[in-house]
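Architecture at a glance
The residues making up each chain are set out below.
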Amino acid sequence: MERLKCPRCGKRVMDIRTESPKPVEAQTRCPSCNHIVTVYWEPKSKRKEKDKE
C-alpha cells in the first residue's frame, strides 16, 4: 500500500494498493484541510520507463 498526500497541506488523503498496473487519478476531499484536491499515482515500473526517455 502506498499513501497519497494532499498537494495543499501535505497530509495523507488516501491509501492505494500498489498492485494496480495503470496510473490512478482521483479527485477527493482532503480530511485535514477540507479542500477538493486531485491526487495522481503512477506505478513504479512506468516511472522508470519515463526516466529513461
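Numbering of residues starts from 1 in each chain and follows the order in which that chain's sequence is written. Note on the predicted model: pLDDT of at least 70 is required for a residue's local features to be given, and 80 or more for side-chain atom pairs to be given and counted; whole-chain, interface and lining totals, by contrast, use all residues. In computing side-chain properties, one takes all heavy atoms of the structure into account and sets aside hydrogens as well as water.

Remarks on the overall build of the protein
When helices and strands are tallied, the protein shows one helix and four strands. Shown N-terminal to C-terminal, the secondary structure of the protein runs as helices and strands in the order β-β-β-β-α. The buried share of the protein, taken over its 53 residues, is 21%. Residue contacts are counted whenever heavy atoms from the two residues lie within 4.5 Å of one another. At a minimum sequence separation of 6, the contacts of the protein that also span at least 24 residues come to 27%. Only the protein chains shown count as covering a residue, and every accessible area follows the Shrake-Rupley method with a 1.4 Å probe. When the accessible surface of the protein is summed, it comes to about 4400 Å², and 44% of that surface belongs to carbon and sulfur atoms. Put simply, DSSP marks the helices as runs of H or I at least four residues long and the strands as runs of E at least two long, and each gets a number from the N terminus on. Buried means the residue's accessible area, taken with a 1.4 Å probe over protein chains only, is under 20% of the maximum for its type, while exposed means over 50%, and partly exposed covers the values in between.

Details of the confidence of the model for the protein
pLDDT: the predictor's confidence for each residue, scored from 0 to 100. Of the residues in the protein, 83% reach a pLDDT of 70 or more, and the chain-wide mean stands at 84. The least confident element of the protein is helix H1 (residues 44-52), whose mean pLDDT is 59; the most confident is strand E4 (residues 36-41), at 92.

Comments concerning the pairing of strand E2 (residues 12-16)
Note on pairing: two strands pair once DSSP finds at least 2 bridges between them. Two strands pair when backbone bridges link them, and strand E1 (residues 2-5) and E2 are joined in this way by four bridges, in the antiparallel orientation. When the bridges of E2 are listed, glutamate 2 appears paired with isoleucine 16. Count of turn residues in the E1/E2 antiparallel hairpin: six residues, of which glycine 10 carries a positive phi of about 85°.

Observations regarding the pairing of strand E3 (residues 24-29)
Every regular strand shows the same layout, with side chains that alternate between the two sheet faces. Alignment of E3 against E4, held across six bridges, turns out to be antiparallel. Looking across to E4, one finds that alanine 26 is bridged to valine 39. Counting the residues in the hairpin turn of E3 and E4 gives six residues, including asparagine 34, whose phi is positive at 60°.

What to know about unusual backbone geometry
In this structure, asparagine 34 takes a positive phi of about 60° despite not being glycine. Its place among the elements puts asparagine 34 in the loop between E3 and E4. You can call asparagine 34 partly exposed: its relative accessible area is 48%.

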